[in-house]
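A structural walkthrough
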Amino acid sequence: MSGDNGAHGSTALRVLVVGESWIKHTVHMKGFDQFHTTEYEEGAGVFLAALADSGFDVTYIRAHEVSARFPKTLEELARFDVVVLSDIGSNSFLLSDETFLRSERTPNKLAVLAEYVRGGGGLLMVGGYMSFSGIDGRARYGMSPLASVLPVTMLDHDDRVEVPEGLDPCVELPEHPVLGGTPAAWPALLGYNRIAAKPDATVVARTGTDPLLVVAQVGAGRAVAFASDLAPHWAPPEFVGWPHYRALWAAVLRWTGGGAGAEIDGGRIARRTERVRA
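In what follows, the accompanying structure is described. Just so you know, these numbers come straight off a predicted model, no measurement behind them.

Overview of the side chain of Thr-256
Inspection of the secondary structure assignment puts Thr-256 in helix 8 (residues 245-257). Only 2.6 Å separates the side chain of Thr-256 from the backbone oxygen of Val-252, close enough to count as a polar contact. With near-sequence residues (within four places) excluded, Thr-256 lies in contact with Val-82, Gly-122, Leu-123, Leu-124, Arg-222 and Val-224.

So, the environment of Val-18
Along the chain, Val-18 turns up in strand 1 (residues 14-19). According to the relative accessible area criterion, Val-18 is buried, its value standing at 0%. Measuring from C-alpha to C-alpha, the distance between Val-18 and Val-83 comes to 7.6 Å, with 65 residues separating the pair along the chain. Not counting chain neighbours up to four residues away, the residues in contact with Val-18 comprise Ile-61, Val-66, Phe-70, Val-84, Leu-85, Ser-86, Ile-88 and Phe-93.

Describing the pattern of salt bridges
For the structure shown, the criterion picks out 12 salt bridges. As a salt-bridge pair, Glu-65 and Arg-62 come within 3.7 Å of each other at their nearest N and O atoms. Overall, the relative accessible area of 23% leaves Arg-62 in the partly exposed class. As a salt-bridge pair, Glu-162 and Arg-160 come within 3.3 Å of each other at their nearest N and O atoms. A single salt-bridge network, built from bridges that share partners, covers Glu-42, Arg-62, Glu-65 and Arg-69.

A short note on a nonpolar patch on the surface
Judged by side-chain polarity, Leu-95, Phe-100 and Leu-101 come together as a nonpolar surface patch covering roughly 330 Å² of accessible area. Along the chain, the position of Leu-101 falls in helix 5 (residues 97-102).

As for the packing of aromatic side chains
Summed over all chains, the structure comprises 11 aromatic pairs. Here Trp-186 and Phe-226 contribute two aromatic rings whose centre-to-centre distance is 6.3 Å and whose plane-to-plane angle is 45 degrees, an arrangement assigned as tilted. In this pair, Trp-186 is assigned in the loop between strand 9 (170-171) and strand 10 (189-193) and Phe-226 in strand 14 (residues 221-226), connecting sequence segments 40 residues apart. Judged by its relative accessible area of 7%, Trp-186 falls in the buried class. Three or more aromatic residues joined by ring pairs form one cluster here, namely Phe-47, Trp-186, Phe-226, Phe-239, Trp-242, Tyr-245 and Trp-249. Just above the ring of Tyr-129 sits the side chain of Arg-160; from NZ or CZ to the centre is 4.8 Å. Just above the ring of Trp-255 sits the side chain of Arg-222; from NZ or CZ to the centre is 4.3 Å.

What to know about helix 8
One turn of the α-helix equals 3.6 residues, which is why residues spaced by three or four share an orientation. Taking 1.5 Å of rise per residue, 13 residues should cover 18 Å, and helix 8 covers 18 Å from first to last C-alpha, within 8% of that figure. Across the 13 residues of helix 8, 10 count as buried, placing the element largely inside the fold. Of all the residues in helix 8, the buried ones are Tyr-245, Leu-248, Trp-249, Ala-250, Ala-251, Val-252, Leu-253, Trp-255, Thr-256 and Gly-257. Remark: Gly-258 follows helix 8 within two positions and exhibits a positive phi of approximately 70 degrees.

Rules and cut-offs
- Residues numbered from 1 in each chain as written.
- Predicted model: local features only at pLDDT ≥ 70, side-chain atom pairs only at ≥ 80, totals over all residues.
- Heavy atoms only, no water.
- Helix = DSSP H or I, 4+ residues; strand = E, 2+ residues; numbered from the N terminus.
- Polar contact = N/O pair within 3.5 Å; in protein donor to acceptor, adjacent residues only side chain to side chain.
- Contact = heavy atoms within 4.5 Å.
- Buried < 20%, exposed > 50% of the residue type's maximum accessible area, 1.4 Å probe, protein only.
- Salt bridge = Lys/Arg side-chain N within 4 Å of Asp/Glu carboxyl O.
- Patch = residues over 30% accessible without salt bridge, like charges linked within 9 Å, V, L, I, M, F, W, Y side chains within 5 Å.
- Areas by Shrake-Rupley, 256 points an atom, 1.4 Å probe, with all protein chains shown as cover.
- Phe/Tyr/Trp six-rings, centres within 6.5 Å; stacked < 30°, edge-to-face > 60°.
- Lys NZ or Arg CZ within 6 Å of the ring centre and 35° of its normal.
- Expected span 1.5 Å × (residues − 1).

In structure tokens form, the structure reads like this:
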């Protein structure tokens, strides 16, 4: 995994992963007394390792780093072929330190990301408590500029469907290239975000009647929605430890990247024409 952006001419798929980290502040009550502890955790470890093992050039921006590190311009975003958002709400992008703390005007990062996709970039949103609409509707992507390029429409309220007994995903299009020939029988999942596919999108996998994996061409770019998780708790050990876990995500990202990516040409974003391999 790279700590810096990949070189512009790299032949490896350049992936920017955002989210999948959190801080827990716990109050311990022991009779009359109490004390606090704080823990920092990341849930992306297995996923990031899988991408690195697949030969991708990976940059990871943790949830608390979005304000300072997430690209604000097309030029910065064009250094990546695919952007992955996982379990991080829209407020982290919309309320930068400059705006929230100092009332300064700043670029709308989600509007820039939407333009990046339409111009040739790849976008993958993975489900979670802070994806799509999210818990209590707090992720709020349906009200953001990113809604225009995601391949799904979102509820205007809490969209979580908890399935503690487990659900069996149904792959409807096992030959779709986004799956890369991986087996159609997936391990059980424990929940998902309820979303609806847009008319011009393709549902590759479902859980019951709800879409689970949805893909679409968006302008010159591609967008993918995976309604469940890439890590616990919705992705149990059986899924994270599945022998085809790495191959599945590698295939999803290769398809999302479209074999090219995006770059700036004359001040505007445009598709790269050289072949990108992983």
